[in-house]
Amino acid sequence: MNENTDALLKLPTGIEGFDHLTMGGLPKGRTCLISGSSGSGKTILGMEFLYRGMIRYGRKGVFVSMEERTSDIMRNVRRMGWDLQALVKSGHLRLLDAGPEPIPIEESGAYDLSGLLVRIEHAVEQTGAELLVLDSIGSLFDQFTNAAVVRREIFRIIDALRNMGITAMLTAERLDEYGRISRHGVEEFVSDTVIILRNVLKEEKCRRTVQVLKMRGDTHYKGEYPFTINAPIGISILPLSARELKQSSSTARISFGNQVLDQMAGGGLFRDSIFLVSGPTGGGKTLLATTFAAEGCRRGEKVLLLAYEESHAQLLRNAQSWGLDFQKWEEDGLLRVICQYPESMGLEDHLLLIQREIESFRPRRLIMDSVSAMERVGHVRFFREFVIGLTSFAKQEEVCSLFTSTTPKLSGGDSITEAHISTITDAILLLRYVEINGILRRGVAVIKMRGSQHDKQIREFTIDDQGLHIGKPFTNVQNIILGIPSATLPSEVEQLGAMFEE
Amino acid sequence: MTTQERFVLKLFVTGHTPRSERAIQNLRRICEKELEGHYEMVVIDILEQPEAAEEEKILATPTLIKALPLPLRRIIGDLTDQEKVLLGLDLLPSPMNPERIS
């Protein structure tokens, strides 16, 4: 199997994210190996490869099941909403039961697996199949004692599939998540393409990933990419960093909902920008987010609000207290509020859910309050991937996004969130407590505004029942951002007098 | 070793290969010797009858299925190991069914 030098044609699979990861799909007319530990999603991937091929491209396929009974498979995928029965009836799908027989088998003398091969060829011929899945070949090694024969026969089956021009997936088990590619070394036969599925438990969270280990003669994305399995979408691979950073870099600006803030940001936010609001607890982040949302609704723009720290009722009540009728906007279909516990699901699932919401609701503004709440859900690395995935998706969809982040300390300080996402965001707004002469005041500053000038001053920020107000810059006070503010003037009287510029 | 139960044996082969022929000959010889007069042997070439292979879920060939008497048994290979065949047909004592010794 090494005579190929020409670039292989790729067959798109229609599985979400898979064609992106493989840069076009599976090599056409070839067999690829899907290796993974028990429960890593091999059967589902194989089945979805057939299902999408049939539903989306009208292809026909054969599923050879060597482990589960075909009736069990049909039942199992029904929860995904896939009606295999109908596809069997319409002649698109053929399921071959090639599992071990429940009766004892004696071996006497030489044999081969022509029976299996004949059945496969027969099924392909009858259906006119282009696709085939063999799940899983490891079972053959358990059924037959002569491993050398099994190996040779697998090779023969792959060869036959290739002669028939079938694009196939072969699944194989592996024992460790990071060890030998497959249990029986079958990858030697299928050297064109090897894909590894993993289901790793890390910090009490299960995480599924897919990795294209090799794809001969062609490029693909390397590394592990998380994926989820959900009804009715099936497998969904999150391309994350594989997503191209092709920012359209809109120059259109949108209002923050506060004139002074717009001015501070050099005239408003860019339409496709990601904006981070960082501040301590009670610092006014939620109010800022609410103001931003209200401005969108007022202008007839759709707003998606994701709340991870407050309930729906609380949010509505807060907005009400600032004279904003969120309920009405919700009824008008301008505002969509989703409240969720960060811990309710994994980061991949959160990301997937947000992407779905953006795709279906098509908001112009997105608010996530707070993104730092997500730190609790998974490992720091996964958190970073989550943020990258989210921001690149929001950018691609040209959704102006506001993320809030809670700093652990009341004054100064930074958080994991900021360390990981400050480089990704286009603008950062800091909210900080300022203690001056025993009184806590709030300060606000724009510290980053990509592609634009911005106000470098730190201004006072107050909250009343009208909402937020931004006042004059603090003068003669240092270290507001960096830590404990201190005054520089000797006399207290002078200092008070000069605290605000005229 | 003799029993008067009627044996129905189905032998699945793939084409007229030397291996297929060997299996047929081996089976015939064993049957003549052990089951004379009370067996029925059917040879099925799955190249000609792929549906039959599908129906019986044949993976390996040659495969011998003992359809009767129950319980069902399967033996794969060209049947050169006579002991294994007899064991598979429940014609030899095995740890699984010691009561068939006599």
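Structure: above.
Q: It is not clear to me how the packing of helix H12 (residues 347-361) of chain A against helix H13 (residues 380-396) of chain A should be interpreted in this structure. Could you clarify?
A: Helix-helix packing is described using two parameters, namely the angle between the two axes and the distance between the axes. Residues and elements named next belong to chain A. For the pair H12 and H13, the least separation of the axes is 10 Å and the interaxial angle reads 10°. Judged by the angle between their axes, H12 and H13 are roughly parallel. Together, Leu347, His350, Leu351, Ile354, Gln355, Ile358 and Glu359 of H12 and Phe382, Phe383, Phe386, Gly389, Leu390 and Phe393 of H13 make up the contact between the two elements. Broken down by class, the residue content of the contact of H12 with H13 amounts to nine nonpolar, three polar and one charged.

Q: I keep staring at a nonpolar patch on the surface and nothing clicks. Help me out?
A: Side chains of B:Leu68, B:Leu70 and B:Leu72 sit close together on the surface and give an oily, nonpolar patch of about 270 Å² of accessible area. Within the secondary structure, B:Leu72 sits in the loop between strand S3 (63-68) and strand S4 (73-76).

Q: Before we go on, may I ask you to explain the sheet that holds strand S19 (residues 400-406) of chain A in this structure?
A: Pairing between the strands of a sheet comes from backbone hydrogen bonds, and it takes one of two forms, parallel or antiparallel. Residues and elements named next belong to chain A. Reading across from one edge, S17-S16-S18-S19-S15-S20-S21-S22-S23 is the order of the nine strands in this open sheet, with mixed pairing throughout. Unpaired on one side and paired on the other, strand S17 (335-339) and strand S23 (467-473) mark the two borders of the sheet. Geometrically, the sheet is characterised by an average inter-axis angle of 20° between neighbouring strands, direction not taken into account. Of the strand pairs in this sheet, strand S21 (residues 439-449) and strand S22 (residues 459-464) are connected by three bridges, and their pairing is antiparallel. Across the sheet, residue Arg442 finds its bridge partner in S22, namely Phe461. Helix H9 (residues 285-298) rests against strand S15 (274-279), strand S16 (303-307), S17, strand S18 (365-369), S19, strand S20 (427-436), S22 and S23 of the sheet, and its axis sits at about 160° to S18.

Q: Before we go on, may I ask you to explain the sheet that holds strand S6 (residues 105-107) of chain A in this structure?
A: The strand order S6(A)-S4(B)-S3(B)-S1(B)-S2(B) describes an open sheet built from five strands, whose pairing is mixed. The open sheet has two edge strands with one neighbour each: S6 of chain A together with strand S2 (39-45) of chain B. Taken over all neighbouring pairs, the strand axes of this sheet differ in orientation by 20° on average, direction set aside. As defined by bridge partners, strand S1 (residues 7-13) of chain B adjoins S3(B) across five bridges and the pair is classed as antiparallel.

Q: Any chance you could explain unusual backbone geometry here in plain terms?
A: The phi torsion of most residues other than glycine is negative, and most of the peptide bonds are trans. Residue A:Ser136 follows A:Asp135 across a cis peptide bond; omega there is -15°. Relative to the helices and strands, A:Ser136 resides in the loop between strand S7 (131-135) and helix H6 (138-143). We note that A:Glu398 has phi near 55°; this positive angle belongs to a residue other than glycine. Here A:Glu398 lies in the loop between H13 and S19. The exposure class assigned to A:Glu398 is buried, which follows from its relative accessible area of 17%. In the Ramachandran plot, B:Leu79 falls in the positive-phi region, its phi being about 65° despite a non-glycine side chain. Within the element layout of this structure, B:Leu79 appears in the loop between S4 and helix H3 (82-88).

Cut-offs and rules
- Residues numbered from 1 in each chain as written.
- Chains lettered and ligands numbered in written order.
- Predicted model: local features only at pLDDT ≥ 70, side-chain atom pairs only at ≥ 80, totals over all residues.
- Heavy atoms only, no water.
- Axes fitted to C-alpha atoms, helices over the stretch in contact; angles between N-to-C directions.
- Helix = DSSP H or I, 4+ residues; strand = E, 2+ residues; numbered from the N terminus.
- Parallel < 35°, antiparallel > 145°, perpendicular 65-115°, else oblique.
- Contact = heavy atoms within 4.5 Å.
- Nonpolar A, V, L, I, M, F, W, Y, C, P; charged D, E, K, R; others polar.
- Patch = residues over 30% accessible without salt bridge, like charges linked within 9 Å, V, L, I, M, F, W, Y side chains within 5 Å.
- Areas by Shrake-Rupley, 256 points an atom, 1.4 Å probe, with all protein chains shown as cover.
- Salt bridge = Lys/Arg side-chain N within 4 Å of Asp/Glu carboxyl O.
- Pairing = 2+ DSSP bridges.
- Buried < 20%, exposed > 50% of the residue type's maximum accessible area, 1.4 Å probe, protein only.

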